Amino acid sequence: MERGDALYEGKAKRVYATADPKKVILHFRDDATAFNGVKKASIEDKGRINCAMTVHLLREVEAAGVKTHLIDVLNDRELLCWKVDIVPVEVVVRNAIAGSLAKRYGKPEGAWLPWPLVEYFHKSDELNDPLMTEDIAVLFGWAERRELAWMKEQSLKVNEVLRGFWSRLDIDLVDFKLEFGRLDGGLVLADEITADGSRLWEKGTGRKLDKDVFRRDLGDLSDTYRELYRRVFGHALEGT
Ligand code: TMP
Ligand code: ASP
């Protein structure tokens with residue numbers, strides 16, 4: 001599939017048009033940003049690792065009945081996907097207290113929640129993705145109530161699948177962010193599932209195996225992502 005014009009430039013990915021107006025190419029770059037782009041770096045092999053990780057995890061959730069935008073793998077950095085209209089609502093599922101939840105309510109990080117918490121953030125770089133209630137999303141026309149209900153239900157299903165997946169690799173899934181897109185009158189899971197948008201803590205040690213290593217200057221993110229790749233795929237990333 002030939003790459004057409006760049007349609008959208010994200011902080012770590014680029015979306016290209018294709019000859020088929022219903023399909024796009026998702027290109028994973030090596031860039032990492034944090035704090036809404038304030039901190040930036042190029043992380044060796046991150047694009048390839050996140051591309052492979054997204055394919056693997058989207059297929060895991062598809063096997064559990066969650067529809068996604070993924071059509072095919074084109075190469076080690078590019079996926080062919082359905083062109084969707086992204087819902088400007090980021091769904092965060094949390095199994096433990098960490099990150100902005102800890103900060104907002106003055107709670108220490110690390111306590112496990114008795115059941116998963118679902119939060120909605122408005123997808124807006126200009127506004128720094130503010131937290132919002134369901135009513136705000138509906139009142140401001142960002143999503144319909146039945147769409148929010150669907151996204152919540154699907155996100156909780158994804159949480160079950162991913163928690164089990166990471167747990168089998170001796171990793172606790174603390175939280176993660178999902179985005180959904182409108183397609184043919186319904187919604188599908190879109191974007192990526194990677195350690196950029198998840199918190200992954202090694203069981204027992206609590207060692208962070210996610211983008212917090214970069215956000216908080218805890219070490220070399222490239223080494224962390226290569227280790228995560230080895231755990232998921234059972235071998236080192238080719239050429240490393
Ligand atoms: P938070 O604790 O900063 O709200 O983040 C919750 C989860 O969402 C965490 O796993 C990282 C992910 N996330 C993104 O994917 N994109 C973002 O812009 C932010 C702020 C968080
Ligand atoms: N995704 C945001 C950024 O790239 C925030 C974050 O992940 O910390 O700046």
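Each remark here, short or long, concerns the structure printed above.
All residue numbers refer to position in the chain's written sequence, counted from 1. The order in which chains are written sets their letters, starting at A; the order in which ligands are written sets their numbers, starting at 1. At least 70 in pLDDT is required for a residue's local features to be given in this predicted model, at least 80 for side-chain atom pairs to be given and counted, and no such filter applies to totals for whole chains, interfaces and linings, which use all residues. Note: side-chain values were computed over all heavy atoms of the structure, leaving out hydrogens and water.

## Remarks on the packing of helix 1 (residues 46-63) against helix 6 (residues 221-233)
(1) Moving on: Running from N to C, helix 1 and helix 6 cross one another at 30 degrees; their axes reach a closest spacing of 10 Å. Regarding the angle of helix 1 to helix 6, the classification is roughly parallel. Relative to helix 6, helix 1 is oriented so that their crossing is left-handed. The residues of helix 6 that touch helix 1, namely those facing Lys46, Ile49, Asn50, Ala52, Met53 and His56, are Tyr225, Arg226, Leu228, Tyr229, Val232 and Phe233.
(2) Moving on: When grouped by side-chain class, the residues that make up the contact of helix 1 with helix 6 number 8 nonpolar, 2 polar and 2 charged. For every element, the axis is a line fit to its C-alpha atoms; helices are fit only across the contacting stretch, and the angle between N-to-C directions ranges from 0 to 180 degrees. Helix and strand definitions here come from DSSP, where helices need a minimum of 4 consecutive H or I residues and strands a minimum of 2 consecutive E residues; each element is numbered from the N-terminal end. Small angles under 35 degrees read as roughly parallel and large ones over 145 as roughly antiparallel, with 65 to 115 read as roughly perpendicular and the rest as oblique. Handedness of each helix crossing follows the sense of rotation of the near helix against the far helix: counterclockwise by less than a right angle gives left-handed, clockwise gives right-handed. Two residues form a contact once any of their heavy atoms are found within 4.5 Å. Under the convention adopted here, Pro, Cys and the residues Ala, Val, Leu, Ile, Met, Phe, Trp and Tyr are nonpolar, Asp, Glu, Lys and Arg are charged, and Gly plus all remaining residues are polar.

## Describing the site of ligand 2
(1) Moving on: Nearness is judged by heavy atoms alone; a residue qualifies as near a molecule or strand once a single heavy atom is within 4 Å of it. Neighbouring ligand 2 are the residues Lys11, Thr33, Ala34, Phe35, Asn36, Gly37, Lys211 and Arg215.
(2) Moving on: Lys211 places a polar side-chain atom, nitrogen or oxygen, 3.0 Å from an oxygen atom of ligand 2.
(3) Moving on: In protein, a polar contact requires one atom able to donate a hydrogen and another able to accept it; more generally it is a pair of N or O atoms within 3.5 Å, and residues adjacent in sequence count only if both atoms are side-chain atoms. Here Arg215 contributes a side-chain N or O atom positioned 2.7 Å from an oxygen atom of ligand 2.
(4) Moving on: For ligand 2, whose free accessible area comes to 270 Å², the fraction covered by protein is 73%. Accessible surface area values rest on a Shrake-Rupley calculation with a 1.4 Å probe, where residue burial reflects the displayed protein chains alone.

## What to know about the sheet that holds strand 1 (residues 6-9)
(1) Moving on: Pairing is antiparallel in the open sheet, where 5 strands are placed in the order 1-2-3-7-6. Both outer strands of the open sheet, strand 1 and strand 6 (70-75), are each paired with one neighbouring strand and no more. Taken pair by pair, the neighbouring strands of this sheet meet at an average axis angle of 25 degrees, ignoring direction.
(2) Moving on: When DSSP finds two or more bridges between two strands, those strands count as paired. Sheet analysis places strand 1 next to strand 2 (residues 13-17), joined by 3 bridges and oriented antiparallel. For Glu9, the partnering residue across the bridge sits in strand 2 and is Arg14.
(3) Moving on: Helix 1 contacts strand 3 (23-28), strand 6 and strand 7 (78-82) of the sheet and is inclined by roughly 150 degrees relative to strand 6.

## Looking at the pairing of strand 5 (residues 39-42)
(1) Moving on: Direction of pairing for strand 4 (residues 31-34) relative to strand 5: antiparallel, over a ladder of 4 bridges. Each residue of the ladder has a partner; that of Ala34, found in strand 5, is Lys39.

## Some details on the pattern of salt bridges
(1) Moving on: Definition used for salt bridges: Asp or Glu carboxyl oxygen within 4 Å of a side-chain nitrogen of Lys or Arg. For the structure shown, the criterion picks out 37 salt bridges.
(2) Moving on: Asp125 is paired through a salt bridge with Lys11; the nearest N and O atoms lie 3.0 Å apart. Within this pair, whereas Asp125 is found in the loop between strand 10 (112-122) and strand 11 (131-132), its partner Lys11 is found in the loop between strand 1 and strand 2, the two being separated by 114 residues in sequence.
(3) Moving on: A salt bridge links Asp30 to Arg77, with the nearest nitrogen and oxygen atoms 3.2 Å apart. Of this pair, Asp30 sits in the loop between strand 3 and strand 4 while Arg77 sits in the loop between strand 6 and strand 7, and the two are 47 residues apart along the sequence.
(4) Moving on: Connected through salt bridges with shared partners, the residues Arg94, Arg104, Glu109, Glu119, Asp175, Arg199, Asp212, Arg215 and Arg216 form a single ionic network.

## Side note on the site of ligand 1
(1) Moving on: Taken together, 13 residues sit near ligand 1, with Arg94, Ser100, Asp175, Lys177 and Arg199 positioned nearest.
(2) Moving on: Within the side chain of Arg199, one N or O atom sits 2.9 Å away from an oxygen atom of ligand 1.
(3) Moving on: The protein chains hide 75% of the 450 Å² of surface that ligand 1 would expose on its own.
(4) Moving on: Elements supplying a minimum of two residues to the shell around ligand 1: strand 9 (89-96), helix 2 (99-105), strand 12 (171-183) and strand 14 (198-202).

## Some words on the packing of helix 1 against helix 4 (residues 145-168)
(1) Moving on: Two numbers describe how helix 1 lies on helix 4: the axes approach to 9 Å, and their chain directions differ by 120 degrees. By the angle between their axes, helix 1 is oblique relative to helix 4. Viewed along their axes, helix 1 and helix 4 form a crossing whose handedness is right-handed. Within the contact between the two elements, helix 1 uses Met53, His56, Leu57, Glu60 and Val61 and helix 4 uses Val158, Val161, Leu162, Phe165, Trp166 and Arg168.
(2) Moving on: Classifying every residue of the contact of helix 1 with helix 4 gives 8 nonpolar, 1 polar and 2 charged.

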